[in-house]
Amino acid sequence: MPVFAYKGRSTRGELVQGSLEGADSSVIADQLLNTGITPTEIKLTSQSVRSGSNPEVSLWKKLSVEKKVDTLELMLFSRQMYTLLKAGVPIMRALAGLQESSRNPAFSAMLQDLRESLDSGRELSTAMRRHPKVFSPFYLSMVQVGEMTGMLDMTFLRLYEHLEFEKDMKERIKSAVRYPMFVVIAMAIAIVIVNIFVIPAFVKVFEGFHTELPLMTRILMGFSNFMVNSWPVLLALLVGAVVAFRSWINTTEGRYKWDRYKFYIPIAGPIIMKATLSRFARSLALSFKSGIPIVQGLNSVALVVDNEYMRSRVEQMRDGVERGESILRTASASGVFNPTVLQMIAVGEETGDMDGLMFEIAGMYEREVEYEIKTLSANIEPIMIVMLGGLVLILALGIFLPMWDLGRVALHK
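If you're wondering where the values come from, they're calculated on a predicted model, not measured in any experiment.

(A) Local environment of the overall build of the protein. When helices and strands are counted, the protein shows 17 helices and three strands. When each of the 413 residues of the protein is scored for burial, the buried share is 42%. A sequence separation of at least 24 residues applies to 63% of the contacts in the protein between residues at least 6 apart. Of the roughly 22400 Å² that the protein leaves accessible, carbon and sulfur atoms contribute 60%.

(B) Main features of the pattern of salt bridges. Enumeration over the complete set of coordinates arrives at eleven salt bridges. A salt bridge links Asp113 to Arg130; the shortest N-O distance between them is 2.7 Å. Pair noted here: Asp113 is in helix 5 (residues 105–119) and Arg130 is in the loop between helix 6 (124–128) and helix 7 (137–149), with a separation of 17 residues, a long-range link. Neither Asp113 nor Arg130 differs from the other in exposure class; each is buried. Between Glu325 and Arg323 there is a salt bridge; the shortest N-O distance is 3.4 Å. Overall, Glu325 belongs to the partly exposed group, its relative accessible area being 25%. Classification of Arg323 as exposed rests on a relative accessible area of 59%.

(C) Representation of the side chain of Ser78 within the structure. Locating Ser78 in the fold gives a position in helix 3 (residues 71–86). On the basis of relative accessibility, which here comes to 0%, the residue Ser78 falls in the buried class. Once residues within four sequence positions are removed from consideration, Ser78 is found in contact with Tyr139, Phe156, Leu159, Tyr160 and Leu163.

(D) Highlighting the packing of aromatic side chains. Enumeration over the complete set of coordinates arrives at ten aromatic pairs. In this structure an aromatic cluster arises from ring pairing among Phe77, Phe107, Phe135, Tyr139 and Phe156.

(E) Quick peek at helix 3. Taking 1.5 Å as the rise per residue, helix 3 with 16 residues should run 22 Å; its terminal C-alpha atoms sit 22 Å apart, in good agreement. Those residues of helix 3 not exposed but buried are Glu73, Leu74, Met75, Phe77, Ser78, Met81, Tyr82 and Leu85. Looking one or two residues beyond helix 3, the residue adopting positive phi is Gly88, at roughly 90 degrees.

What counts, and at which threshold
Residues numbered from 1 in each chain as written. Predicted model: local features only at pLDDT ≥ 70, side-chain atom pairs only at ≥ 80, totals over all residues. Heavy atoms only, no water. Helix = DSSP H or I, 4+ residues; strand = E, 2+ residues; numbered from the N terminus. Buried < 20%, exposed > 50% of the residue type's maximum accessible area, 1.4 Å probe, protein only. Contact = heavy atoms within 4.5 Å. Areas by Shrake-Rupley, 256 points an atom, 1.4 Å probe, with all protein chains shown as cover. Salt bridge = Lys/Arg side-chain N within 4 Å of Asp/Glu carboxyl O. Phe/Tyr/Trp six-rings, centres within 6.5 Å; stacked < 30°, edge-to-face > 60°. Expected span 1.5 Å × (residues − 1).

Fair warning: the whole summary comes from geometry, so function is off the table for now.
Dropping the structure here:
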């Protein structure tokens, strides 16, 4: 990938220069703007970004790092960097110590690359930008602000808390969706087993009756016969539907519509909505507290929110703020916040304590998510009982009704 040398101005007007890898100059400009740097000059260079003596080995290291460094390792890295920098350990020595103690070769290679970049005169945020799949734009913005303000140690502590919160929210969302999905899958498996193994066994008995069977029985027998004879076609259709769905959600429009539909899923949808809003509020509060300008903060938070629909709402808020509108007005126009939250945002703007109020909003949503997850089983159980009752009723009407008719005929004889 080509390397571009850039010069620009930070939000404080300071001259910033360095080099970045990218497909073209517009990609480099977008990366710089996302981190709060206004580019003044971007030139293609013939030199490669230093990442080791062997370019092929360096490329392999980079690919392996971007695939194998997980969130937990990044959390530990952030916490350890805070501890070391707080204790007065120089950043180069801190990175060297973490590299020596790391048991993950990919993580160790990334730390080595950071050390080499710092040794060549680059800033830490610029060195981290070489690993976009490890460090998010929000992470890079926070580190850059920490460098500018001289509070890099506290920045790493806040990033650790942010990553811990993100991990906790993702686990809560998964736990909220897991139980409904398990119920649906269990019901589908039960229907398949009944139609393929149970009903065919009764069909042989019914054939000996030599009489017209009830409508429900004929429907069950026809559906069972269709599944037994056409299961390869049904399996192919199921696989095709899964592939088509995954292809659809990989498109921009498909991902936007699916992420919006998630919020309307019965029972689980409101939990996903509140968890997403909690992540948004906490990320924005953290950016405010760290001194990131509001427009840049909203831009970074939009990249952090793992939902295309919510990202579009955040970008809408950012555009409104850029036009000079208040946060309250843009938040109200987004249509995702309830009146209580809007009132808290209004108070935050009036008092100048937006970071504190956004932390309160995040905490409120977190408590609601925790409560709803705890009561999820109680909400799901009635639906599950109704579904199981309906399945048993259909089987009873379809399978046992002919036997009851046969018993009545035998008694009359």
